[in-house]
Amino acid sequence: TRSLTITSTDQSMFEKAQGEKVTLPCTFELSEEDEGPLDIEWVLIPADNQKREKIIIMYAVDRIYDHYYAAMTGRMQFTNLDPRSGDGSLDILNLKAADTGTYQCKVKKAPGVQSKKIQLTVLVKPARTKCSVEGSQEIGKDVTLKCVSQEGSPLLTYDWRRVSGTQELPATSMLNKNTGELLLKNASREYSGTYNCVASNRVGTDECSVELNVTPPVNTAGIIIGAIIGTLLGLAVLCSLIFCCCKKHREKKYEKEVHHDIREDVPPPKSRSSTARSYIGSNRSSLGSMSPSNMEGYTKTPYSQVPSEDFERAPPQNPTFAPSKVAAPNLSRMGAVPVMIPAQSKDGSIV
């Protein structure tokens, strides 16, 4: 018994770039024996077998249902607005990398049922490609030119070319198309110029360029000597500043000590009590040297008179004492030790 058949069996794999449009074909033919209602379903089969299939769009009972898969809402539609004509192909607009997967078209019209699977791969074009120079750009050194695309589906390939001078890569260059590195060994001044890198995959290309300037070697010995001299000069200046600060600090400290110092060569002023002691002591020594015979002519000096601080005059010459008994003055007020003065009694004996 003849039933419906899917006629679009030529292409089952598609590769498209991100942002482009793709048409997944699904044409069919009905037979006279197919009498049931026509149903057309497009199902997304996930790469993970643990996940369930998802219906993304469906035609049933003369109506189209396209709200099952939110990720493609507004970006998918049937190619023919009336799938009953035998064309159930699907258009997907503005492709994204997440649209990569296996799509299955199912056509039902009882008793006939047919299906077809199509593999879709959405590739991302190379984008934001950057070129750089790694290594010292000196004569005789090895220089590496690097090229990397920030975006792009694998497999990416890189190719370098020279856009200035001879427009040919140096003879000593070594290119790695997979990593985008161009090694220039033993660079010379002739290697200088502009180099261009082209990153590509199956859906597009992207470019960047870099300027190489090979120069003579730098005089490193002169730089080192200059750095040493500069360091020594800096240390000398620093030591000078420290010495000046210390000297100034010592001068201030010395001035402060001299200002508050008490001169030791200046004797302290005499007090009244010490003057009185010296005066009494001198009188005691004088009295002690007297004999009873010469005490009659010694005149008593009144002790009530306390010598002043200016007492430096010589004692009066030829002092005389009364022959009467001399009473000891009250010297406790003057801070001196009382002295007993000998006297002569009526019978001529010494008391």
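Residues numbered from 1 in each chain as written. Predicted model: local features only at pLDDT ≥ 70, side-chain atom pairs only at ≥ 80, totals over all residues. Heavy atoms only, no water.

Student: Provide a residue-level description of the overall build of the protein chain, including the pertinent values.
Tutor: Scanning the protein chain from terminus to terminus reveals 2 helices and 18 strands. Taking the intrachain contacts of the protein chain between residues at least 6 apart in sequence as the baseline, contacts between residues at least 24 apart amount to 56%. Accessible area for the protein chain stands at about 23100 Å²; split by element, carbon and sulfur atoms hold 54% of it. (Helix = DSSP H or I, 4+ residues; strand = E, 2+ residues; numbered from the N terminus. Contact = heavy atoms within 4.5 Å. Areas by Shrake-Rupley, 256 points an atom, 1.4 Å probe, with all protein chains shown as cover.)

Student: A description of the pairing of strand β11 (residues 112-123) should follow, citing residues and the corresponding values.
Tutor: The side chains of a regular strand alternate between the sheet's two faces. Pairing analysis gives 5 bridges linking strand β2 (residues 13-17) to β11, with the strands arranged parallel. By the bridge assignment, A17 is partnered in β11 with L123. In the sheet, strand β10 (residues 101-109) pairs with β11 via 9 bridges, with the strands oriented antiparallel. Within the sheet, the bridge partner assigned to G101 lies in β11 and is L120. Hairpin remark: β10 followed by β11, antiparallel, with 2 residues in the connecting loop. (Pairing = 2+ DSSP bridges.)

Student: Please set out the environment of Q119 residue by residue, giving values where relevant.
Tutor: Note on placement: Q119 falls in strand β11. Sequence separation of Q119 and L24 is 95 residues, and the distance between their C-alpha atoms is 9.3 Å. When sequence neighbours within four positions are dropped, the list of residues in contact with Q119 reads S12, M13, F14, G101 and T102. A polar contact of 3.4 Å, which involves the side chain of Q119, links it to the backbone oxygen of G101. (Polar contact = N/O pair within 3.5 Å; in protein donor to acceptor, adjacent residues only side chain to side chain.)

Student: Summarise the nonpolar core; cite the residues concerned and give the values.
Tutor: Judged by nonpolar contacts, the single largest core of 27 residues is most densely connected at L24, W42, I56, I92, Y103, V107 and L120. Contributions of two or more residues to this core are made by β3 (22-24), β5 (39-45), β6 (54-60), β8 (76-78), β9 (90-92), β10 and β11. Residues within four places of L120 in sequence aside, it is in contact with F14, V22, I92, L95, D99, T100, G101 and Y103. Within the second largest apolar cluster, 18 residues are counted, among which are V143, L156, Y195 and V214. (Core = buried A, V, L, I, M, F, W, Y, C linked by side-chain atoms within 4.5 Å. Buried < 20%, exposed > 50% of the residue type's maximum accessible area, 1.4 Å probe, protein only.)

Student: An account of the sheet that holds strand β18 (residues 204-212) is requested, with residue identities and associated values reported.
Tutor: Spatially, β14-β17-β18 is the arrangement adopted by the 3 strands of the open sheet, whose pairing is antiparallel. Each edge of the open sheet is held by one strand with a lone partner, namely β14 (157-162) and β18. Shown here is a sheet whose adjacent strand axes are inclined to one another by a mean of 20 degrees, direction ignored. Of the pairings in the sheet, the one linking strand β17 (residues 193-201) to β18 comprises 9 bridges and is antiparallel in character. Of the residues in β18, the one forming a bridge with G193 is L212. (Axes fitted to C-alpha atoms, helices over the stretch in contact; angles between N-to-C directions.)

Student: Quick one: what's the story with the sheet that holds strand β13 (residues 143-151), residue by residue and with numbers?
Tutor: Taken in spatial order, the 4 strands of this open sheet run β12-β13-β16-β15, and their pairing is antiparallel. Looking along the sheet, the strands with just one partner apiece sit at the ends: β12 (127-134) and β15 (173-176). Sheet twist, expressed as the average angle between the axes of neighbouring strands with direction ignored, equals 10 degrees. For β15 and strand β16 (residues 181-184), the ladder comprises 4 bridges, and the chain directions are antiparallel. Note that in β16 the partner of N176 across the bridge is E181.

Student: A description of a nonpolar patch on the surface should follow, citing residues and the corresponding values.
Tutor: Taken together, I224, I228, L232, L235, L238 and I242 make up a surface patch of nonpolar side chains, about 570 Å² in accessible area. Tracing the sequence through the fold places I224 in helix α1 (residues 220-260). (Patch = residues over 30% accessible without salt bridge, like charges linked within 9 Å, V, L, I, M, F, W, Y side chains within 5 Å. Salt bridge = Lys/Arg side-chain N within 4 Å of Asp/Glu carboxyl O.)

Student: With reference to specific residues and values, describe unusual backbone geometry.
Tutor: Of note, the amide linkage connecting A110 to P111 takes the cis form, showing an omega dihedral of 5 degrees. Here P111 shows up in the loop between β10 and β11.

Student: Explain the state of the cysteines to me, and be specific about the residues and the numbers.
Tutor: This structure, assessed with the given rule, holds 3 disulfides. Paired by a disulfide, C131 and C208 hold their sulfur atoms 1.8 Å apart. Every disulfide takes its handedness from the sign of the S-S torsion; for C131 and C208 that torsion is 75 degrees, giving right-handed. Here the residue C131 occupies a position in strand β12, and C208 occupies one in strand β18, the gap between them amounting to 77 residues. (Disulfide = S-S within 2.5 Å.)

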